[in-house]
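# Architecture at a glance
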Amino acid sequence: MTISTYQGKVKKIVDLSPTAREITFLLDTPMAFKPGSFVNVFTDVNGEKVRRAYSLSSNPRNANEISLSIRRAQQGTVSPVFWHDDIHDKKFMFMGPLGVNTSDKMVHENIFLFAYGIGISVIKSILFDVLERDNVKNVTLVTGNRDESELLYREYLDSLASDHPKLTVRYVLSESADSTYPYRGYIQNNIADLDFTASDVYICGPTKACESLIETIEKKHPADCAIHVEKFG
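Described in the following lines is the structure provided in the data block. Being a predicted model, the structure only gives us computed values, none of them experimental. (Residues numbered from 1 in each chain as written. Predicted model: local features only at pLDDT ≥ 70, side-chain atom pairs only at ≥ 80, totals over all residues. Heavy atoms only, no water.)

It is worth spelling out the layout of surface pockets at this point. Volume-wise, the largest pocket comes out at about 910 Å³. Looking at the largest pocket, it is lined by 40 residues, and the ones nearest its centre are Y116, I118, G119, P206 and F232. Going through the elements one at a time, β4 (48-55), β5 (65-71), β8 (138-145), β10 (199-206), α3 (207-218) and β11 (225-232) are the ones with two or more residues in the lining of the largest pocket. No other element matches β4, which puts 4 residues into the lining of the largest pocket. In this model, the second largest pocket occupies a volume close to 220 Å³. For the second largest pocket, the full set of lining residues is K11, K12, V14, E22, T24, S58, N59, N62, E65, S67, K124 and F128. When residues of the lining of the second largest pocket are traced back to their parent elements, those giving at least two are β1 (4-17), β2 (20-27), β5 and α1 (120-130). Among the elements that line the lining of the second largest pocket, the one with the most residues is β1, at 3 residues. (1 Å grid on protein atoms, 1.4 Å probe; cavity = no way out; pocket = protein on both sides within 12 Å on 5 of 7 lines; lining within 4 Å. Points joined across faces, edges and corners; volume = space filled by probe spheres on them. Helix = DSSP H or I, 4+ residues; strand = E, 2+ residues; numbered from the N terminus.)

Spelled out as structure tokens, the structure:
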């Protein structure tokens, strides 16, 4: 894919949780990208041009639009901009597509996707690709969040799993309000039953969390297992 710059205006905003939202931009020119890509977003903050990288969460088949899932960081510089009242009037510049851990690198028939928090954004895009492949037999998605209020895209993912028998979704909550909820704690504590033999593993999340999960998977000594990682924070 050729890296270029694009202009885009906010088309749609969907609140995903009290702290996260998905924003869709209508581009002036189409952007062709592979699932798993990200873009750099440029905007002005207090008279200074700043940029921030965000993963693409949209369907690559619609090149006229891109969607970004954004967590509002209290100490952030760029993310608060997307909660301003005048957001619909703003135009943004994007540079991309960027990234090497794109879905075309995943070639096995068994695919495991792990997302910590807002990391689900890039995996949402990857699902558009892998679920349509004839050679893919099983896709297992595991998300990690603090509690039920931060379960991003749950209704959408449950619907996908209903429509695609090859997809299994597991939500891990570190502070679930339901004491009987089966997947509690952290992702790495809830994968003992998973067999990573002959598979591709994609992980997106904070560096420390990703490294802990990788260590847990590698202790299983899976044969023919390729691990792809996107770390942030």
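Turning our eyes to something else, we now look at empty space enclosed by the protein. Per the stated rule, a full pass over the model turns up 1 cavity of 30 Å³ or more. Empty space within the largest cavity amounts to approximately 30 Å³. Taken together, G117, I120, T143, N145 and L152 form the lining of the largest cavity.

The next point concerns the sheet that holds β2. Taken together, the 6 strands give an open sheet; going across it, the order is β4-β3-β6-β1-β2-β5, and neighbouring strands pair in antiparallel fashion. Of all the strands in the sheet, just β4 and β5 have a single pairing partner and so form its edges. Across the sheet, the mean angle separating the axes of adjacent strands is 40° when strand polarity is ignored. Bridge count between strand β3 (residues 38-45) and strand β6 (residues 91-98): 4 bridges; the pairing is antiparallel. Each bridged residue has a counterpart across the sheet, and for N40 the counterpart in β6 is M95. (Pairing = 2+ DSSP bridges. Axes fitted to C-alpha atoms, helices over the stretch in contact; angles between N-to-C directions.)

Moving on, we come to the pairing of β2. A large share of β2 lies buried, amounting to 7 of its 8 residues. Relative to β2, β1 runs antiparallel, the two sharing 8 bridges. In the strand pairing of β2, V14 is matched with E22. Across 7 bridges, β2 lies against β5 in antiparallel orientation. Of the residues in β5, the one forming a bridge with I23 is L68. (Buried < 20%, exposed > 50% of the residue type's maximum accessible area, 1.4 Å probe, protein only.)

Taken in spatial order, the 5 strands of this open sheet run β9-β8-β7-β10-β11, and their pairing is parallel. Sheet topology places β9 (167-173) and β11 at the edges, where each strand pairs with a single neighbour. Going across the sheet, the axis of each strand differs from the next one's by a mean of 10°, ignoring polarity. Where strand β7 (residues 110-116) meets β10, 6 bridges bridge the pair, whose relative direction is parallel. Bridge pairing links F114 to I203 in β10. Each of β7, β8, β9 and β10 is contacted by α1, which is oriented at about 160° to β7, the strand it contacts most. In the packing of helix α2 (residues 154-163) onto the sheet, the strands contacted are β8 and β9, and the crossing angle to β9 comes to about 150°. (Contact = heavy atoms within 4.5 Å.)

For the peptide bond that leads from G96 to P97, omega is -5°, which places it in the cis range. Looking at the element boundaries, P97 is found in strand β6. One non-glycine residue with positive phi stands out, namely A198, at about 50°. For H221, which is not glycine, the phi dihedral falls at a positive 50°. Looking at the element boundaries, H221 is found in the loop between α3 and β11. Residue classification places H221 among the exposed residues on the basis of a relative accessible area of 68%.

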